[in-house]
Amino acid sequence: MADSTPLPSSEAPNDAAVEREATRRSRRSFLLLAATGLAGLGGWRWLVSRPTDDGVPWPLRRVLDANGQLAQEYFSNAHLAPVFPKAQARAPRVNGDIGLRSALDAAAWRLRVLGYAPAGPARAQEFTLADIQALPRVEMTTELKCIEGWSVVVSWAGARLSDFLQRYPLATDPRRSGLAPYVSLFTPDEQYYVGLDIESALHPQTLLCYEMNGQPLTPEHGAPLRLVTPLKYGIKHLKRIGTIAFLHQRPADYWAEQGYDWHAGH
Ligand SMILES: Nc1nc2c(c(=O)[nH]1)N[C@H]1C(S)=C(S)[C@@H](COP(=O)(O)O)O[C@H]1N2
Ligand SMILES: [Mo]
């Protein structure tokens, strides 16, 4: 992310300076995360009722630990992608059909979620589209930016991934080792796959999206459910989600394997 350079480049920081900066940022981002995305993990009240570790409730401590002292994406939760009037929305071109080449059986489709289980077998749970549509509906008109150099304003509707995780706490380990640091999403045929860090996944504009420009998603745009995360390039907006898994390690990512930046922020 262009805006995440943590320290002034004019001075080589010593350890103490890094430590101070990390502490300051942790405190600030802790509040920001609580005020915005964190709604997603059961809300502020849930969060502050957790046992603390160094005064930081364990899920957030886990996030900080998992990402190192100057976690970058973490702070991007402070930023929102620009939003546009709905009237400016246009139909995007269809771009990319990896993982979409077989016909979709919409009636048989389920979202499969593998809960975070760093020390044991993952708990798999299945959801219908109706389960996702039962979550609070969020409409958002944002720019879809492709690394190929085009962008288009699109109006999306769906559920926040953070709201999904508030309702179904699959990103946290029941054995209390905390919040998964990474999320992996892949198509039902596993041909297309993207990785996200948990901060990006919990961002308030990260949606499990089922409508585009006022209509249900068409198959080529990712029916029945796609990811939209407008602080990142289109490569991360996985169409036709089959599985979401919460992981301890940075997941595989189709375009990162081709040499693109793993975060793909812009
Ligand atoms: N399953 C799948 N999802 C995908 C792709 C793909 O090839 N397969 N391409 C990505 C890219 S590069 C872009 S720019 C967007 C384009 O979304 P659109 O086709 O709805 O415009 O989808 C993303 N999601
Ligand atoms: Mo793209």
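Notes on the structure follow. (Residues numbered from 1 in each chain as written. Chains lettered and ligands numbered in written order. Predicted model: local features only at pLDDT ≥ 70, side-chain atom pairs only at ≥ 80, totals over all residues. Heavy atoms only, no water.)

### Looking at the nonpolar core
Looking at soluble globular proteins, one finds that nonpolar side chains tend to be buried together.
So, step 1. Formed by 35 residues in total, the largest nonpolar core has its most connected members in Leu111, Phe164, Ile244 and Phe246.
So, step 2. Those elements giving two or more residues to this core turn out to be β3 (111-114), α5 (161-167), β9 (182-186), β10 (193-197), α6 (198-201), β11 (207-212) and β14 (243-247).
So, step 3. For this core, the element with the most residues is α5, which contributes three residues.
So, step 4. Once you skip the residues sitting within four places of it in the chain, Phe246 turns out to touch Val113, Leu114, Gly115, Tyr116, Leu165, Leu170, Ala171, Ala180, Tyr182, Val183 and Ile198.
So, step 5. By size, the runner-up hydrophobic cluster in this structure holds 14 residues, among which are Cys146, Val154, Leu207 and Met212. (Core = buried A, V, L, I, M, F, W, Y, C linked by side-chain atoms within 4.5 Å. Buried < 20%, exposed > 50% of the residue type's maximum accessible area, 1.4 Å probe, protein only. Helix = DSSP H or I, 4+ residues; strand = E, 2+ residues; numbered from the N terminus. Contact = heavy atoms within 4.5 Å.)

### Looking at the site of ligand 1
So, step 1. Among the 19 residues in the neighbourhood of ligand 1, the closest are listed as Arg93, Ile98, His221, Arg226 and Lys239.
So, step 2. Here His221 contributes a side-chain N or O atom positioned 2.6 Å from an oxygen atom of ligand 1.
So, step 3. In the environment of ligand 1, an oxygen atom lies 2.6 Å from a nitrogen or oxygen atom belonging to the side chain of Lys239.
So, step 4. Of the residues in the shell around ligand 1, the class split is nine nonpolar, six polar and four charged. (Near = heavy atom within 4 Å. Polar contact = N/O pair within 3.5 Å; in protein donor to acceptor, adjacent residues only side chain to side chain. Nonpolar A, V, L, I, M, F, W, Y, C, P; charged D, E, K, R; others polar.)

### Some words on the packing of aromatic side chains
So, step 1. All chains considered together, the criterion is met by eight aromatic pairs.
So, step 2. Aromatic pair Phe164 and Tyr168: ring centres 5.2 Å apart, planes at 45 degrees, arrangement tilted. This pair shows no difference in class: Phe164 is buried, exactly as Tyr168 is.
So, step 3. Arranged with centres 5.9 Å apart and planes meeting at 70 degrees, the rings of Tyr193 and Tyr254 form a pair that is edge-to-face. Residue Tyr193 is located in strand β10, and its partner Tyr254 is located in the segment after β14; the two are separated by 61 residues in the primary sequence.
So, step 4. Grouping aromatic residues by their ring pairs yields a cluster made of Tyr192, Tyr193, Tyr254, Trp255 and Tyr260.
So, step 5. A cation over a ring is seen here: Lys236 above Trp262, with NZ or CZ 4.5 Å from the ring centre.
So, step 6. Over the ring of Trp262 we find Arg250, and its NZ or CZ is 4.2 Å from the ring centre. (Phe/Tyr/Trp six-rings, centres within 6.5 Å; stacked < 30°, edge-to-face > 60°. Lys NZ or Arg CZ within 6 Å of the ring centre and 35° of its normal.)

### As for the side chain of Thr229
So, step 1. Here Thr229 lies in the loop between β13 (226-228) and β14.
So, step 2. The exposure class assigned to Thr229 is buried, which follows from its relative accessible area of 3%.
So, step 3. Setting aside its immediate chain neighbours within four residues, Thr229 contacts Ser200, Gln205, Thr206, Lys236 and His237.

### Notes on the pattern of salt bridges
So, step 1. Enumeration over the complete set of coordinates arrives at five salt bridges.
So, step 2. With a shortest N-O distance of 2.9 Å, Lys86 and Glu139 are connected by a salt bridge. With Lys86 in the loop between α3 (58-67) and β3 and Glu139 in strand β5 (residues 138-145), this residue pair connects regions lying 53 residues apart in the sequence.
So, step 3. Since its relative accessible area comes to 52%, Lys86 is described here as exposed.
So, step 4. The salt bridge partner of Arg137 is Glu139, with a shortest N-O separation of 3.0 Å.
So, step 5. Given a relative accessible area of 41%, Arg137 falls into the partly exposed group.
So, step 6. Judged by relative accessible area, Glu139 falls into the partly exposed class, the value being 44%. (Salt bridge = Lys/Arg side-chain N within 4 Å of Asp/Glu carboxyl O.)

### Looking at the environment of His203
So, step 1. Residue placement: His203 occurs in the loop between α6 and β11.
So, step 2. There is a polar contact of 2.6 Å between the side chain of His203 and the backbone oxygen of His79.

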